[in-house]
Structures are given as C-alpha cells and as structure tokens.
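Examination of the molecular architecture
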Amino acid sequence: MKVSDYVLQRLRAWEVEHVFAYAGDGINGLLAAWERADNQPRFIQARHEEMAAFQAVGYAKFSGKVGVCAATSGPGAIHLLNGLYDAKLDHVPVVAIVGQTDRSAMGGSYQQEVDLLSLYKDVAAEFCEMVTVPEQLPNVLDRAMRTAYAKRTVTAVIIPADVQELDYTPPRHAFKMVPSSLGLSSYAPVPGDAELDRAAEVLNAGEKVAILVGQGARGARAEVEQVTEALGAGVAKALLGKDALPDDLPYVTGAIGLLGTRPSYELMQGCDTLLVIGSSFPYSQFLPEYDQARAVQIDIDPFMVGLRYPFEVNLVGDARETLARLLPRLTRKKHGSWRKKIEKNTARWWEVMERRAAVEADPINPEHVVHALDAVLPDDVILTADSGSAANWYARHLRLRGTMRGSLSGTLATMGPGVPYAIGAKFAHPDRPALALVGDGAMQMNGMAELITAAKYWQDWSDPRLIVAVLNNGDLNQVTWEMRALSGAPQFLPSQAIPDVPYADFARSIGLDGVRVEKPAEVATAWQRALAADRPFVLDFRVDPAVPPIPPHATLDQIEAAAASLVKGDSDRGAVLRQGLKAKVQEMLPGGHD
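Let me begin by describing the structure that accompanies this report. This is a predicted model, so every value here is computed, not measured.

Spacing of three or four residues puts side chains on the same side of an α-helix, whose turn is 3.6 residues. Restricting attention to buried positions, one finds in helix H11 (residues 262–270) the residues Arg262, Pro263, Ser264, Glu266, Leu267 and Met268. Packing partners of the buried residues in H11 comprise strand E7 (209–213), strand E8 (234–237), strand E9 (252–255), strand E10 (273–277) and helix H13 (337–357).

Dropping the structure here:
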C-alpha cells in the first residue's frame, strides 16, 4: 500500500463519500490511487479549483458533514483559497488536501513551488500540516478531520508528490511516533446553572423581547419556538439563519440588516430585551441602541460571544441543549400589544412586498421574478443565492417553510458560489431539487463554467432538477446602487456594464435546458417549466437594473438622494424623477411608515 492508497482508505474510514477536486501533477500519486480504489471516495471534477472548494462548502452546509476538496501544488492550492475562506468565515467544516513539489526540490525555486504552509497559515489556522514521512499520516489526517468537525473550520493536509508514492508504513510503538484513532463522538456543551439563572432573570424582566437567530440555531427549531412563545417575542433572522425558523410563523419578521426587512428593523428599534442565538451578525447598527436593551447571547463558540453588543450574559453552549435548560426558568408572558404589533408589522410587510413585486419595470421587475417563485417553491427545495442584488430579493421575498434549506456566502460575501453551492447540495441530497438565484455578473464569473459540471453529473441524481435563475440586467447592480446611495455617483459604466450573454442557449448547447424570459406575463410559466424539467434548467430573466434594492431603514431623503444621482447634471429631469419615486415609495409604504 502506498501513501496515496492509505489517504483514500482513511477518508473512507471517516465516511467521506465525495472529494471535490481538479487534477494536476502535484497529486498524480493520489489520482493513481483513486483509480486503484475504484474511485472511492468519489472524485467530483469541478471546472476550477475555486469551484471545487465552493462545492465542498455547499456540500458541508447542506449535509452537516465535512466537505473535502483536493488540488495540485502551486496554482491549484492557490485557487482553493477563496472557497476555503468562505468556509472559514461561515464556520463550515472543510478539509483541503493539496500536493506539493518533491521534498528534494523544496527551497530550490522549483516549478510550482509555493510555501504552502505560510500561504495556508491563516485560512487553516486551526490545523495545517505537511506530511514528510508515511508514519505521520494517520495522526495528520485524523486531526484534520476531527478539528474541522469540532471547530467548524478549515484544515489542510499538504502531501509532497514524492511522499504520495512512498510505501505506507504505520507509526511504530516507539519514541517520537504518534499513534491515532478514528472518530469523534457527538457532544453538546451547556452553560452552568448560575449563568442560566442570570440569563433567565434578564429575559423574565423584559416587556418587549426581540430574538435574533443565526445558523447556530438551526438544530434548535422547536426550542426556539417554545422560548419565543414563552417570552411573547418576535424573531428576526440573520441571513445564514434564514432556514433556522419557518417564515410562515406570524412572529418571524424575516431577515435583518442591509438586505433585511422593515419589521426586523422595527423589532430591534422597539425592544427592551434582546436574545441572540447562534449568530455572529456583524452589523451592530441594526441592533438596539447600546443603552436601550438588556441582552443575552447563546453561542457554542466561546470566541464568538460578546462581539456585537454589550451583552449582560454570554452563555457558551449548544443552542438546543441550552434553550432546553433555559425554558423551565422562564416566566410565561401574556401576548399583549408588543407581540400584536410584531405580527401586524410582519403581515403588513408581506403586503408591501407583493405591491413592490407588482410595480411595472422595463422589461421585468426582479422583485416580481422572485416573488413569483415564492408561491411555487417545492417543500423540499434547497436554495442558494449569490452575492449582489440577487441576495436582496432572496432575503426579502422568499419565505422558507417546512424542510426547505437555503444559504449563501454570509460573512465573506464573495461573488460566485451560487451555482457551485447548488452542485454541492445535489451531491449531499441527490433526491431533492436545488435552485440557485444568481446575478449575471456572478453567472459570468463562475456559473457558466459550472453548468458544464452539472452537465457531467446530473444523470447520477435521482431528482435531476437543478435550476439556475439568472437575473440578467447587464449591470453589476448591487455596486451600482451602493455607488448611488453612498457616493452620489450615477454609474461608472466601464466598471459596471457587462455583456448580455444567452445563458439559456449555452445551457441547451451542452445538453441541458433553458429559456430566456423577457415579459412579466411569462415569469410564472417559466418557473413551472423549470420545476417540471427532467434535467438542469437555466432561466435567463431579463430584468430592470433601475429597480433599487432599497434598505428597509432608508428614509425618503436618502431615496431622493439616490434618485438624484441617476440624473446628475439634469436638474429638471432630476426633480421630476425624485417626485415620481417619492410618490411611488409613499404609495407602497403602509400607514404609519414615515
């Protein structure tokens, strides 16, 4: 048995079923071993190493297992980095296995020689090791897997090309040999009784309780609902926690932050008590004023507590087990005017969303596209969204219900993971439909090439549906509107305008299916056609770049300023446009929203 054979054997022992990768001579030994092992675990060939890393992240997010990716030395290892940072910042367990030049060439400025230990020092800070002798292998591989699981982070194993070809010999029962063993039992840390009592005192004293949940609350849905009912609270969701709680509960106000909803903003503005569960939501300006609310945080990671708000009590523990111990200590509150206000604001918001989706645009309102999808989402769908204005509509218009799952690049907010996330999701759940909502910028950056990956593998999925919906507006739209709102600049076309590409035609050219949609009346039919397709399907929606992703807390003055930037140098037209936009916004806002 060679070192390369042992690597794959050990991955199988850790129940790794897929490795998302791209070939190169720095991992030739591993590739030969894969052939000897009858492709177990299965080698999933991306079109680019960055996409392999994104697929591993998507797989890990939607399976709960470690995602594994592999790449050659030098450029291959470098290409993995963006996807690995996405995993690190979103606390997703991913293991990278990368090649390196032969040991004899190290330090000789050899071809593709990069100091990978230094390069990966930050992204794989918890565990990054280079294997130089076969006896290292069990310990290094096991610790990489165990650390990724235990700390929900990125780890890396670097294996020089010549080491891959060595005969494997296990560590001996001898000095300076390190034995190892498989496995990691499940565990759920909980805070001590005294801290739980302190937290209960804060929560019981509050009259207007707000709850913010993130992805760390996903396994505690029942407990979050029970705590919410006991406290008469409302619940806002960080984007990574969008699938932590159903949106059809009347007290769930939806997303929070720049891409969030008006009722989430009002929830935080009006509360006197805040409970944050499993979230590192970074924008403190969307939380209550610092002297407004008493606050409690629950997080499993002791390094992530106390960061976003002056919390009175920081509970370090598993969300489900901590809430289960907290519940008996809570005094049930009557659902009075606070809870009624939350539910009224939330119901009113969805009416506003429906009206915004109905606003005419040229040619199609992107809000109409996504709002129409909300009504036909399959119960078991897995949703991904890309960074950009597509993330706004994902956050505000899609109501996740039941067993639906969804995610995006939360903390890194990188462009390009929407399609590879969805591919990773299909390998995690080949029996469920997956849908990626992406902008045309992200589609041109990464998505089109990964359609080739979908074409390569889709017939292996028991449910072949992978839908890629492209919001095609010829503009890097999120940045354009940020320029208008924050910099007073109308649009810098050399940086913002991008080519129109026939995305559906490209999909059909590689054996998939798709359609371009250019009229509002065609939107609903297009969604139905894609959801009934017998193969991956691309929807090319021609949408209006002039529909602004207005933040929920925006004032009319700010909206006017953004409108004015559209027509700089034409004061008469600017005045007309500002008045028209102001009237339209006032028409959409319900009573009581100034």
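Take the packing of aromatic side chains next. Under the criterion given, the structure shown has 12 aromatic pairs. When the centroid spacing of 5.7 Å and the interplanar angle of 55° are considered together, the rings of Phe20 and Tyr59 count as tilted. In this pair, Phe20 is assigned in strand E1 (residues 18–21) and Tyr59 in helix H3 (residues 49–63), connecting sequence segments 39 residues apart. Each member of the pair, Phe20 as well as Tyr59, carries the same accessibility label: buried. Each ring, one from Phe281 and one from Tyr283, has its centre 5.8 Å from the other, and the planes form 75°; the classification is edge-to-face. The structure contains a cluster of three or more aromatic residues connected by ring pairs, namely Phe20, Tyr59, Phe427, Tyr457 and Trp461. Positioned above the aromatic ring of Tyr394 is the side chain of Lys242, whose terminal nitrogen or guanidinium carbon lies 5.3 Å from the ring centre. A cation over an aromatic ring shows up here: Arg399 above the ring of Trp350, its NZ or CZ 4.4 Å from the ring centre.

Before going further, it helps to spend a moment on the packing of H3 against helix H5 (residues 81–89). Packing of H3 against H5 leaves a shortest axis separation of 7 Å and a crossing angle of 20°. In terms of orientation, H3 and H5 fall into the roughly parallel class. Residue-level contacts link Glu50, Ala53, Phe54 and Val57 of H3 to Asn82, Gly83, Leu84, Asp86 and Ala87 of H5. Split into classes, the residues belonging to the contact of H3 with H5 amount to five nonpolar, two polar and two charged.

Let us now look at the sheet that holds E9. Strands sit in the order E9-E8-E7-E10-E11-E12 across an open sheet of six strands; the sheet is parallel. Two strands close off the open sheet at either side, each with one partner strand: E9 and strand E12 (313–316). Within this sheet the neighbouring strands show an average axis-to-axis angle of 15°, counted without direction. One ladder, built from five bridges, connects E7 with E10; its direction is parallel.

Further remarks concern the packing of helix H16 (residues 418–428) against helix H17 (residues 440–457). The packing of two helices is summarised by the inter-axis angle and the distance between the axes. Axis separation between H16 and H17 bottoms out at 8 Å; the angle between their running directions is 25°. Classified by the interaxial angle, the pair formed by H16 and H17 is roughly parallel. Between H16, through Val419, Pro420, Ile423 and Phe427, and H17, the contact on the second element is made entirely by Met443, Gly447, Glu450, Thr453, Ala454 and Tyr457. Considered class by class, the residues forming the contact of H16 with H17 number seven nonpolar, two polar and one charged.

For the rest of this paragraph, the subject is the environment of Ala293. For Ala293, the location among the structural elements is in the loop between E10 and strand E11 (294–299). Since its relative accessible area comes to 10%, Ala293 is described here as buried. Taking the C-alpha atoms as reference points, Ala293 and Lys456, separated by 163 residues in sequence, lie 53 Å from one another. Leave out the neighbours within four places in its chain, and Ala293 touches Cys271, Asp272, Thr273, Leu274, Pro288 and Tyr309.

Scoring rules and cut-offs
Residues numbered from 1 in each chain as written. Predicted model: local features only at pLDDT ≥ 70, side-chain atom pairs only at ≥ 80, totals over all residues. Heavy atoms only, no water. Buried < 20%, exposed > 50% of the residue type's maximum accessible area, 1.4 Å probe, protein only. Helix = DSSP H or I, 4+ residues; strand = E, 2+ residues; numbered from the N terminus. Contact = heavy atoms within 4.5 Å. Phe/Tyr/Trp six-rings, centres within 6.5 Å; stacked < 30°, edge-to-face > 60°. Lys NZ or Arg CZ within 6 Å of the ring centre and 35° of its normal. Axes fitted to C-alpha atoms, helices over the stretch in contact; angles between N-to-C directions. Parallel < 35°, antiparallel > 145°, perpendicular 65-115°, else oblique. Nonpolar A, V, L, I, M, F, W, Y, C, P; charged D, E, K, R; others polar. Pairing = 2+ DSSP bridges.

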